[in-house]
Amino acid sequence: MRGLGEIAERLRRSTVEVRLKGNRGGGSGVVWSNAGLVLTNAHVARAGQAEVELWDGRLLAARVVSRDARRDLALLRIAAADLEPAATGDSSALRPGELVMAIGSPLGFAGALSRGVVHSIGPIEGMGPQPWIRAGVRLAPGNSGGPLANAGGQVIGINTAIVNGLGVAIPSNAAADFVERGPRPALGVTLEPVPLGLLLVQIEAAGAAAAASLKAGDILLMSLAELHAALDSGEEVVKLRFLRGLEPDSRRLPVRETHVRLGRRRAEAA
Amino acid sequence: MANELAALSQELAAAVERVGKSVVAVHARPRFSSSGVFWRPNIVVTAEHTIRREEEITVTLPDGSNMAAALAGSDAGTDLAVLRVEHQGSAAGNPAVQPAPGHLALAIGRSKDSGVNATWGIVSAVSGPWRTWRGGRLDAYIRLDLTLYPGSSGGLVVNTDGAPLGIATSALSRIAGLAIPATTIDRVVDEILARGRVSRGYLGVGLQPVELPDHQKGLIVLSVEPGGPAANAGVLIGDILMSLGGRAAADTEDVQMALEAHGVGQSVEAAVLRGGTAQTIAIKIGERPRRS
């Protein structure tokens, strides 16, 4: 029999600590391939460069290869030999009640293990239409980006958040999709739901929204769910209606339209 | 891959899947739903503290459909509420043999968005009958060492075989979640279905334990509710209650036990000391007024 300790030790060797230069604290990551790909949360890898510490203490510079803010995932590349990539499981086969364990650096304690069971799997209000794994494992800041594994030690999720005391993880199948096909289309904006629709608070300079001449202060006339559906529709170009320059006393709503080019994702791996 | 841990994991998941067929989500408060259990055909039992409205209660069934539920009654003392649903449901199985500290336990709930959910831990303490701070009596005190998340209360607590230990509540103990035992649920459901409520005996007196010069213990009457059962029987302030229904009255808990042994409306013999003289007074037990 492979005991919990043995499984955890194996998993610990595939778990890294991710830090930003000059920042105290950070998150965790999962060694995804022996070619040097490390998966973590987008909110952990906020800059283009990061520093990764392996289980054996090696410190390596890491470059952020791609990010998917909507899924809170980022892919890093490091140059190191003898990496031990994690075994991954099929998150779609996961059931509530299954034993799971999380490894990471909660509050800076590298390699700390917590265990529990899968609480439930499904969407979370305010966190998009996609399913999340909720697990009764004790997480803390620093677990972010680290692995959630099943009883066989296979990674089935990437720990991302704590909601109502429950650990929330991105299913490993979504993470694998991100690694293989790159980020899902995004507008490149920070937005805030308002009564009329979605207020654009900030526009990333190189994002799709900026290229489509959307500006901060514009209000998209759609719900968050509709925006997610449009972005995930597979269309290369989506048409968005928005309000610009809305005055309190204006008689007509200043509705405009724009076409946003989202670009094409890589084809689904066969 | 074939290891005992993975086998246990599969066993737990299988129990959740099986037991989850009896567990519904209950929508009767703002923000968080709670869970409920098909205890009998058409009857869902949940935790009373999660019921914040008496109308427009709905449940989400295991197949994901929503359905109206009618509140048949509730008992704050044991934190149980009974709902009637126009759906047969798959009733929870026969209760587990006596749980013991250290047994593994799963609390299984449901929410509309995520379907069935589970949390896992152990039974941390078991003892005999226990009075809750809300005044009800549980046939056993079953303390759980597992995390009850918002929405877990009212869910079914089972062992790893999926046999019920009771219904989960976070409201009866400050330090831990409890399983309300199956026998208590049966008793409360019977009473609520028969009468719409759980009636508790009532004397209408305020009592304080005292020790007499001969070291006997009794309860001195400090107040008498005007028109209450004790007042009607002629009990006076200053009387010292020595026994009730043959049970020595050294503590107010003894009075509660005596009242539970006799039904509302029955007459019970109270032995009192009045001015140093022993007397017997027959009191017709009333029903405790419900807090509104």
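Residues numbered from 1 in each chain as written. Chains lettered and ligands numbered in written order. Predicted model: local features only at pLDDT ≥ 70, side-chain atom pairs only at ≥ 80, totals over all residues.

Enquirer: How do you make sense of the overall build of chain A when you look at a structure like this?
Expert: When its secondary structure is counted, chain A shows 4 helices and 17 strands. Its C-alpha atoms give chain A a radius of gyration of 20 Å, within 12% of the compact-globule value 18 Å for 270 residues. Counting only C-alpha atoms and orienting by the principal axes, one finds that chain A spans roughly 75 × 40 × 40 Å. The burial tally for chain A puts 42% of its 270 residues in the buried class. Long-range pairs, those at least 24 residues apart, make up 57% of the contacts in chain A between residues at least 6 apart in sequence. (Helix = DSSP H or I, 4+ residues; strand = E, 2+ residues; numbered from the N terminus. Rg over C-alpha atoms; globule rule 2.2 N^0.38 Å. Buried ≥ 20, exposed ≤ 12 C-beta atoms within 10 Å, placed from the backbone. Contact = placed C-beta atoms within 7 Å.)

Enquirer: I tried to follow the interface of chain A and chain B on my own but got confused; where do I start?
Expert: At the interface, 25 residues of chain A touch 25 residues of chain B. When residues of the side of chain A that touches chain B are assigned to their parent elements, the largest contribution, 7 residues, is made by strand β8 (residues 112-122) of chain A. The class makeup of the residues in the side of chain A that touches chain B is 10 nonpolar, 10 polar and 5 charged. (Nonpolar A, V, L, I, M, F, W, Y, C, P; charged D, E, K, R; others polar.)

Enquirer: Looking at this structure, I do not really get the pairing of strand β14 (residues 177-181) of chain B. What am I missing?
Expert: The side chains of a regular strand alternate, residue by residue, between the two faces of the sheet. All names here are of chain B. Counted residue by residue, β14 has 5 buried out of 5 residues, so it is predominantly covered. Of the two faces of β14, both are covered, the one formed by G177, A179 and P181 as well as the one formed by L178 and I180. Relative to β14, strand β11 (residues 141-145) runs antiparallel, the two being bridged by 3 bridges. Bridge pairing in β14 links R143 to L178. In this sheet, β14 lies alongside strand β13 (residues 164-169) in antiparallel orientation, the contact comprising 4 bridges. Bridging across to β14, G166 finds its partner in P181. (Pairing = 2+ DSSP bridges.)

Enquirer: I would appreciate a short explanation of the sheet that holds strand β12 (residues 166-171) of chain A in the present structure.
Expert: Two pairing modes exist for strands in a sheet, parallel and antiparallel, and in both the strands are linked by backbone hydrogen bonds. Residue and element names in this part refer to chain A. One closed barrel holds the 6 strands; their spatial order is β7-β8-β9-β12-β11-β10, and the pairing between them is antiparallel. Adjacent strand axes in the sheet meet at a mean angle of 45° when their direction is disregarded. Bridge analysis of strand β7 (residues 99-104) against β8 gives 6 bridges, and the strand direction is antiparallel. For V100, the partnering residue across the bridge sits in β8 and is G116. Those strands touched by helix α2 (residues 172-181) are β11 (155-163) and β12, and its axis lies near 40° from that of β12. (Axes fitted to C-alpha atoms, helices over the stretch in contact; angles between N-to-C directions.)

Enquirer: Would you mind showing me how to read unusual backbone geometry here?
Expert: In terms of backbone geometry, most residues other than glycine have negative phi values and most peptide bonds are trans. Not every positive phi belongs to a glycine, and D82(A) is a case in point at roughly 55°. At E56(B), a residue that is not glycine, the phi angle is positive and equals roughly 55°. Topologically, E56(B) is positioned in the loop between β3 (43-47) and β4 (57-60). Classification of E56(B) by C-beta neighbours within 10 Å gives exposed; the count is 9.

Enquirer: Please explain the sheet that holds strand β13 (residues 189-194) of chain A as it appears in this structure.
Expert: Strand order across the open sheet formed by 5 strands is β13-β14-β15-β16-β17 (chain A), with antiparallel pairing between neighbours. Each edge of the open sheet carries a strand with a single partner, namely β13 and β17 (255-261) of chain A.

Enquirer: Teacher, can you tell me more about the environment of R274(B) here?
Expert: Residues and elements named next belong to chain B. Relative to the helices and strands, R274 resides in strand β20 (residues 267-274). Judged by C-beta crowding, with 15 C-beta atoms within 10 Å, R274 ranks as partly exposed. Apart from residues no more than four positions distant in its own chain, R274 is found in contact with L236, D239 and Q279.

Enquirer: How do you make sense of the domain arrangement of chain B when you look at a structure like this?
Expert: By convention, interface size is frequently given as the accessible area that disappears when the constituent parts associate. You can read the domains of chain B as domain 1 (1-195) and domain 2 (201-287). Each of domain 1 of chain B and domain 2 of chain B was reduced to a C-alpha centroid, and the two centroids are 37 Å apart. (Domains from an automatic or database assignment.)

Enquirer: Explain helix α2 (residues 182-195) of chain B to me, please; I cannot follow it from the model alone.
Expert: All names here are of chain B. The terminal C-alpha atoms of α2 lie 20 Å apart, and with 14 residues this matches the ideal 20 Å at 1.5 Å per residue to within 8%. Turning to α2, its buried residues number three or more, namely A182, T184, I185, V188, V189 and I192. Buried residues of α2, seen end-on, are gathered within an arc of 145° and therefore sit on one face of the element. In α2, the exposed positions angled more than 90 degrees off the buried face are occupied by D190, A194 and R195. Where α2 terminates, the next one or two residues include G196, which has phi positive at roughly 80°. (Expected span 1.5 Å × (residues − 1). Arc of directions from axis to C-beta.)

Enquirer: Where do I start with the nonpolar core in this structure?
Expert: Among the nonpolar cores identified, the biggest contains 109 residues, and V38(A), L106(B), I108(B), V157(B) and I167(B) are the most heavily contacted of them. A per-element tally of this core places helix α1 (residues 4-19) of chain B first, with 7 residues. Discounting residues that sit within four places of it in the chain, V38(A) has contacts with V16(A), G29(A), V30(A), V31(A), W32(A), V52(A), A62(A), L76(A) and I78(A). V221(B), V224(B), V255(B) and I283(B) belong to the second-largest nonpolar core, a separate cluster that totals 21 residues. (Core = buried A, V, L, I, M, F, W, Y, C linked by C-beta atoms within 7 Å.)

Enquirer: How do you make sense of the pairing of strand β5 (residues 66-75) of chain B when you look at a structure like this?
Expert: Residue and element names in this part refer to chain B. Pairing analysis gives 4 bridges linking β4 to β5, with the strands arranged antiparallel. In the sheet register, I57 faces β5, and the bridge partner there is A69. The hairpin formed by β4 and β5 contains 5 residues between the paired strands, and G64 there has a positive phi angle of roughly 95°. Taken together, the 6 bridges between β5 and strand β6 (residues 80-85) define a ladder with antiparallel strand orientation.

Enquirer: Just to check I follow, could you spell out the environment of R265(A) for this structure?
Expert: Residue and element names in this part refer to chain A. Positionally, R265 belongs in the segment after β17. Linking R265 and G182, residues 83 residues apart in sequence, is a C-alpha distance of 6.9 Å. When near neighbours in sequence (up to four residues on either side) are disregarded, R265 contacts R181, G182 and R184.

Enquirer: Can you walk me through α2(A) in this structure?
Expert: Along an α-helix, a turn takes 3.6 residues, which lines up residues three or four apart on a common side. All names here are of chain A. If you check which residues of α2 are buried, you get S172, A174, A175 and F178. With its buried residues spanning 160° around the axis, α2 presents them on a single face. Its buried side turned inward, α2 meets β3 (37-40), β5 (59-68), β6 (73-77), β11 and β12. G182, located one to two residues past α2, shows a positive phi value of around 80°.

Enquirer: What's the story with the confidence of the model for chain B in this structure? I'm lost.
Expert: The predicted structure's coordinates, where accompanied by low pLDDT, should not be read in detail. Put simply, chain B has an average pLDDT of 93, and 99% of its residues get 70 or more. As a predicted assembly, this complex carries a pTM of 0.83 together with an ipTM value of 0.80. (pLDDT = per-residue confidence, 0-100.)

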